[in-house]
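Here are the chains, one letter per residue:
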Amino acid sequence: GDIGAPAFPSKDFQDRFLSLVKPVYYLRTRQYSRSTASPPYMVAFQGCLFRSYPGQFQTLLDTGTGDYRRVVGADMRPPLGTFKEQLTQALQTEGVIEQEGKVLDFLRTGYKTTTWWEDEREDASDEWRT
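Residues numbered from 1 in each chain as written. Predicted model: local features only at pLDDT ≥ 70, side-chain atom pairs only at ≥ 80, totals over all residues. Heavy atoms only, no water.

### Things to note about the overall build of the chain
Scanning the chain from terminus to terminus reveals 3 helices and 4 strands. Helices (α) and strands (β) of the chain occur, in sequence order from the N terminus, as α-β-β-β-β-α-α. With 130 residues in all, the chain has 29% of them scored as buried. In the chain, of all internal contacts separated by at least 6 residues, the share reaching a separation of at least 24 is 49%. Total accessible area on the chain stands at roughly 8,600 Å², and carbon and sulfur atoms take up 54% of it. (Helix = DSSP H or I, 4+ residues; strand = E, 2+ residues; numbered from the N terminus. Buried < 20%, exposed > 50% of the residue type's maximum accessible area, 1.4 Å probe, protein only. Contact = heavy atoms within 4.5 Å. Areas by Shrake-Rupley, 256 points an atom, 1.4 Å probe, with all protein chains shown as cover.)

### Quick word on the confidence of the model for the chain
Across the chain, the average pLDDT comes to 82, with 86% of residues at or above 70. Across the chain, element-level confidence peaks in strand S3 (residues 57-62) with a mean pLDDT of 96 and bottoms out in helix H3 (residues 102-109) with 65. (pLDDT = per-residue confidence, 0-100.)

### Regarding helix H2 (residues 80-93)
With 14 residues, H2 should reach 20 Å at 1.5 Å per residue; the first-to-last C-alpha distance of 20 Å fits that figure. Turning to H2, its buried residues are Leu80, Phe83, Gln86, Leu87, Thr88, Ala90, Leu91 and Gln92. Taken together, the buried residues of H2 touch strand S1 (25-35), strand S2 (42-52), S3 and strand S4 (68-74). Among the residues trailing H2, Gly95 stands out with phi positive, at a value near 80 degrees. (Expected span 1.5 Å × (residues − 1).)

### A look at a nonpolar patch on the surface
Taken together, the side chains of Val24, Tyr25 and Tyr53 define a hydrophobic patch exposed on the protein surface, amounting to about 350 Å² of accessible area. In this fold, Tyr53 is placed in the loop between S2 and S3. A residue is classified by how much of its surface remains accessible, and Tyr53, at 40% relative accessible area, is partly exposed. (Patch = residues over 30% accessible without salt bridge, like charges linked within 9 Å, V, L, I, M, F, W, Y side chains within 5 Å. Salt bridge = Lys/Arg side-chain N within 4 Å of Asp/Glu carboxyl O.)

Below, the structure written as C-alpha cells:
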C-alpha cells in the first residue's frame with residue numbers, strides 16, 4: 001500500500017487511520033489507452049498526479065519526450081476517475097482524440113468513477129484530500 005501496509009486495507013482501518021494521513025509528497029502514475037475511429041485507432045497516454053505539500057495536487061500529462069506538462073492544479077486531491085478525465089480532456093483540447101458525445105462518454109466511463117475510499121462516508125475523514 002501507499003504507507004507500507006502489507007495488503008489492501010480494510011474499510012475500518014481506512015476510516016480510523018488512513019483517511020487522517022496527509023502525505024507530504026504524493027506521486028501516482030497511471031497509464032491508459034483509448035480507441036479512436038481514425039488512425040492510429042488506439043492512443044496510449046499516461047500521466048501522474050503529483051503534490052509536494054503544501055502545494056496543489058497537479059495533474060501532469062506525459063508529453064512522450066520524458067517531460068510532463070501540467071494540465072490542471074487543485075487544492076483537493078481528485079478521485080482517479082476525475083484524474084483520467086482531466087488527461088482525456090487535455091488530449092481532446094490538443095486534437096489527439098475526438099469528443100464523442102455524452103452517450104459514448106458514459107459507455108467509456110460507466111456510472112461509477114470513484115473507488116470506495118474516495119466516496120464520502122460518514123465515519124471517514126476528508127483530511128487525505130487536502
